[in-house]
Amino acid sequence: MSGSVNKVILVGNLGKDPETRTTQSGQKIVSFSLATGDTWNDRASGEKRERTEWHRVAIFNDRLADVAECFLRKGRKVYLEGALQTRKWTDQGGQERYTTEVVVDRFRGELVLLDSRNGGADAPAQQPQQARQNNQQPQNGGYGTQSGGWGDPSDLDDEIPF
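What counts and what doesn't
- Residues numbered from 1 in each chain as written.
- Predicted model: local features only at pLDDT ≥ 70, side-chain atom pairs only at ≥ 80, totals over all residues.
- Heavy atoms only, no water.
- Helix = DSSP H or I, 4+ residues; strand = E, 2+ residues; numbered from the N terminus.
- Buried < 20%, exposed > 50% of the residue type's maximum accessible area, 1.4 Å probe, protein only.
- Areas by Shrake-Rupley, 256 points an atom, 1.4 Å probe, with all protein chains shown as cover.
- Polar contact = N/O pair within 3.5 Å; in protein donor to acceptor, adjacent residues only side chain to side chain.
- Contact = heavy atoms within 4.5 Å.
- 1 Å grid on protein atoms, 1.4 Å probe; cavity = no way out; pocket = protein on both sides within 12 Å on 5 of 7 lines; lining within 4 Å.
- Points joined across faces, edges and corners; volume = space filled by probe spheres on them.
- Nonpolar A, V, L, I, M, F, W, Y, C, P; charged D, E, K, R; others polar.
- Pairing = 2+ DSSP bridges.
- Core = buried A, V, L, I, M, F, W, Y, C linked by side-chain atoms within 4.5 Å.
- Salt bridge = Lys/Arg side-chain N within 4 Å of Asp/Glu carboxyl O.

Visitor: I tried to follow the overall build of the chain on my own but got confused; where do I start?
Guide: Along its length, the chain carries two helices and seven strands. Taking all 162 residues of the chain together, the buried fraction comes to 27%. Accessible surface computed for the chain: about 11,900 Å², of which carbon and sulfur atoms make up 46%.

Visitor: Looking at this structure, I do not really get the side chain of T36. What am I missing?
Guide: Relative to the helices and strands, T36 is located in strand β3 (residues 28-41). A polar side-chain atom of T36 sits 2.8 Å from a polar atom in the side chain of H55. Discounting residues that sit within four places of it in the chain, T36 has contacts with L10, V11, G12, R51, T52, E53 and H55.

Visitor: I'm lost on the layout of surface pockets in this one. Help?
Guide: Over the atoms rolls a probe the size of a water molecule, and in doing so it shows where empty space is left. Here the second largest pocket is characterised by a volume of approximately 230 Å³. For the lining of the second largest pocket, the leading source of residues is β3, giving four residues. Taken together, the residues that form the lining of the second largest pocket break down as five nonpolar, three polar and six charged.

Visitor: Whenever I open this one, the pairing of strand β2 (residues 19-22) confuses me. Can you help?
Guide: Pairing of β2 with β3 involves four bridges; the strand directions are antiparallel. Considered in β3, the bridge of T20 is made with V30. The hairpin formed by β2 and β3 contains five residues between the paired strands, and G26 there has a positive phi angle of roughly 95 degrees.

Visitor: In this structure, what is going on with the nonpolar core? I would like to understand it.
Guide: If you look at soluble globular proteins, the nonpolar side chains tend to sit buried side by side. F32, L34, I59, L80 and L111 are the most contacted members of the largest nonpolar core, which has 17 residues in total. Broken down by secondary-structure element, the contributors of at least two residues to this core are β1 (8-14), β3, β4 (48-59), α1 (62-71), β5 (77-90) and β6 (96-104). Those residues in contact with L34 that sit more than four places away from it in its chain are L10, G12, N13, L14, E53, W54, H55, V57, V78 and L80.

Visitor: Explanation requested: the pattern of salt bridges in the structure shown.
Guide: When charged atoms on two side chains of opposite charge get close, those side chains can pair. Evaluated as defined, the whole model comprises 11 salt bridges. The salt bridge partner of R76 is D115, with a shortest N-O separation of 2.6 Å. Taken together, the positions of R76 in the loop between α1 and β5 and D115 in the loop between β7 (110-113) and α2 (127-133) put the pair 39 residues apart, joining distant regions of the chain. By relative accessible area, R76 is classed as buried at 2%. Across the pair R97 and D91 runs a salt bridge whose closest N-O atoms are separated by 3.0 Å. When salt bridges with common partners are traced through the structure, they connect K28, D66 and E69 into a single cluster.

Structure, rendered in structure tokens:
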């Protein structure tokens, strides 16, 4: 079919820690649920209303799967791009079931962490943030962290013209 697009862009919060599976060929598959929300004022009652939509996400990209496995936790806010995919399976009772999920595959898709590394409500402050408050250099020397990440995005220069 020419001229069609299957692309999903979501910004939301993880509903639980991701689950990691490995295929027989050694490919890593990470899956999690992502919550997106809508809020509005009801015209009739004037009350604030809220609706949460849950999305199943499966990552088949090895590098993004590694990032998800290491850094994603319940409550983290993420931006992701993928494609909708519906698959058919048979449950234990012999019933045919269908599942629609957002798939981030090997060559298309994106995953961006939008909050700090310890983005959960019960998370302690990060060491680089503490060092900035004391006007000291972080012990790990800058953007790279001991775990190989890029560090805190607030370390970046704020003088960007847009």
